[in-house]
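Structural features, examined
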Amino acid sequence: MTPAERADLVLRDKRYVWHPYTPMEAYEKEGRPLVIQRARGVRLEDADGRSLIDGNASWWTSLLGHNHPRLVRALTEQAGEFCHVALGGITHAPAVDLAEALCARAPAGLSHVFYSDNGSTAVEAAIKLCVQYFHQNGAPKKASCLALEHAFHGETLGVTSLGDVAAFSAPFRKFGTFVQHLPSPADGAQAAIDALERVLRDQGDSIAALVLEPLVQGAGGMRFYGPEYLRAARELTLEHDVLLVLDEVFTGFGRTGTFWAADAAGISPDVLCLAKGLSGGILPFAATLTTDRVYAGFLGEPARAFHYGHTYCGNPLGARVALEVLRVYGDEQIIELAEAKATRLAAAFARFGEMRGVTRVRSRGMCAALELESAGGGGYLDRAGWQVYDLALERGAYVRPLGNVIYLAPALNIPDADLDELLAILGESLEVVLAEK
Ligand SMILES: *Cc1c(COP(=O)(O)O)cnc(C)c1O
């Protein structure tokens, strides 16, 4: 692409494209978007031919790197057969093979797969399943949900209400009357367990589900917590007959070191939500898994159905790619080989933590985060991280922050040399920004 072609593209972009999470007035005036024309492995190549390391696997999706040859082959082979058919009254091998493989891989007891398109719909389907389950099985009072402060579960109105990131959910509070937010274990595990115990004891008979991002609250600011809360949540929800929904849209597929974050706690949820890494960053695809018990609650007379679906449910391209993703994890020992990389990542962040102006360093598996001390008050709208973003970009890495939280969540199979370069770029960028303070 010539510089003139690039300039023309950006001009037309600013005229027609409304970007997500982006203040468009500032963007129109001074936005300097990356123009990507190719991506391979952990490298993004922009219109000027510059190579950039993708520090967050493109919004946490391409966990096996961009354009993994096996995934692209699976996609094109399936495209040569058929790209889409309705899943109403029709089935096909990709949907069946993937459902079987997911159930074999999932935590014990998850034995039925409901397909949708993205992380938001995976969680939306989960809460509807739970509420409808109780509605038609003798406990219609159990119709509300519990979620955590600082949670993020996506963008439909239902899951926006489950979320608690002010920038995303504040205008829509009115829709959220079915949700109660509880203290997050990231702010203290025992207090969070006590609060959960109290609300279940007092109101358990009106609650259908507890929805959690296990181990890491992602978009809420990479807030980490330990497995003990998950174990307590599992015990308490069983005791009060509340369904436990784990949203592993971010943590699933090895992000935190085990294949599922639930594995670290040794628990099985009643419902498991998957997207992002499920289709390896190739295309939008999602799944909601549940148990025989919940499934059976939709059987019997008079005929009952989960009256919910999306046009692209079980899309054959997505299903075929996701099946290949699972096979690549086995064949290329993705989880096993990521362990040493995670150690490198954690060590580098521990060093960053010694810099003046850096606080609250944490890491788990292939995810590490730190906070910049900031006058901006913290949170998603804080601008403190964006200076680091600009400097890293100049040096060859894409490290989009969450407000004043700087984090890395690269592909799990990032080559060691690229990981070291990414860490060096981030370290240098932090040094420059902090020296100016
Ligand atoms: C990204 C994310 C979602 C929403 O997924 P989309 O595909 O963007 O709709 C839901 N839950 C968690 C934990 C996420 O990280």
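Let me begin by describing the structure that accompanies this report.

Reading the values: rules and limits
- Residues numbered from 1 in each chain as written.
- Predicted model: local features only at pLDDT ≥ 70, side-chain atom pairs only at ≥ 80, totals over all residues.
- Heavy atoms only, no water.
- Helix = DSSP H or I, 4+ residues; strand = E, 2+ residues; numbered from the N terminus.
- Rg over C-alpha atoms; globule rule 2.2 N^0.38 Å.
- Buried < 20%, exposed > 50% of the residue type's maximum accessible area, 1.4 Å probe, protein only.
- Contact = heavy atoms within 4.5 Å.
- Near = heavy atom within 4 Å.
- Polar contact = N/O pair within 3.5 Å; in protein donor to acceptor, adjacent residues only side chain to side chain.
- Nonpolar A, V, L, I, M, F, W, Y, C, P; charged D, E, K, R; others polar.
- Pairing = 2+ DSSP bridges.
- Axes fitted to C-alpha atoms, helices over the stretch in contact; angles between N-to-C directions.
- Salt bridge = Lys/Arg side-chain N within 4 Å of Asp/Glu carboxyl O.

Notes on the overall build of the chain
- Check the secondary structure of the chain and you find 16 helices and 16 strands.
- Against the globule reference of 22 Å for 437 residues, the chain gives a C-alpha radius of gyration of 22 Å, in line with a compact fold.
- Dimensions of the chain, computed from the C-alpha atoms along their principal axes, are close to 65 × 55 × 45 Å.
- Here the chain holds 437 residues, and the buried ones make up 54% of them.
- When contacts within the chain are restricted to residue pairs at least 6 apart in sequence, those whose partners lie at least 24 apart make up 70%.

Some thoughts on the site of the ligand
- The environment of the ligand is made up of W60, N118, G119, S120, F152, H153, G154, E213, D247, V249, F250 and K276.
- A distance of 3.2 Å separates an oxygen atom of the ligand from a polar side-chain atom of N118.
- A distance of 2.5 Å separates an oxygen atom of the ligand from a polar atom in the side chain of S120.
- Of the residues in the shell around the ligand, the class split is 4 nonpolar, 5 polar and 3 charged.

Describing the sheet that holds strand β4 (residues 110–116)
- Within the open sheet, the 7 strands sit side by side as β4-β12-β11-β10-β7-β5-β6. Their pairing is mixed. Taken across any chain shown, the strands that pair with only one partner, and hence form the sheet edges, are β4 and β6 (179–182). With strand direction ignored, the average angle separating the axes of adjacent strands in the sheet is 20 degrees.
- Pairing geometry for strand β5 (residues 144–148) and strand β7 (residues 207–212), over 3 bridges, is parallel. The partner of S144 across the bridge, within β7, is I207.
- Most of the contacts of helix α5 (residues 93–105) go to β4, to which it runs at about 135 degrees, and overall it touches β4, β11 (271–274) and β12 (286–291).
- Its contacts with the sheet put helix α10 (residues 227–239) on β5, β7 and β10 (243–247), and the angle it makes with β7 is roughly 170 degrees.

Description of the pattern of salt bridges
- Summed over all chains, the structure comprises 22 salt bridges.
- One salt bridge connects D331 with R70, and the closest N-O pair in it is separated by 2.9 Å. Highlighted residues: D331 in helix α13 (residues 316–331) and R70 in helix α4 (residues 69–81), separated in sequence by 261 residues.
- Residue classification places D331 among the exposed residues on the basis of a relative accessible area of 54%.

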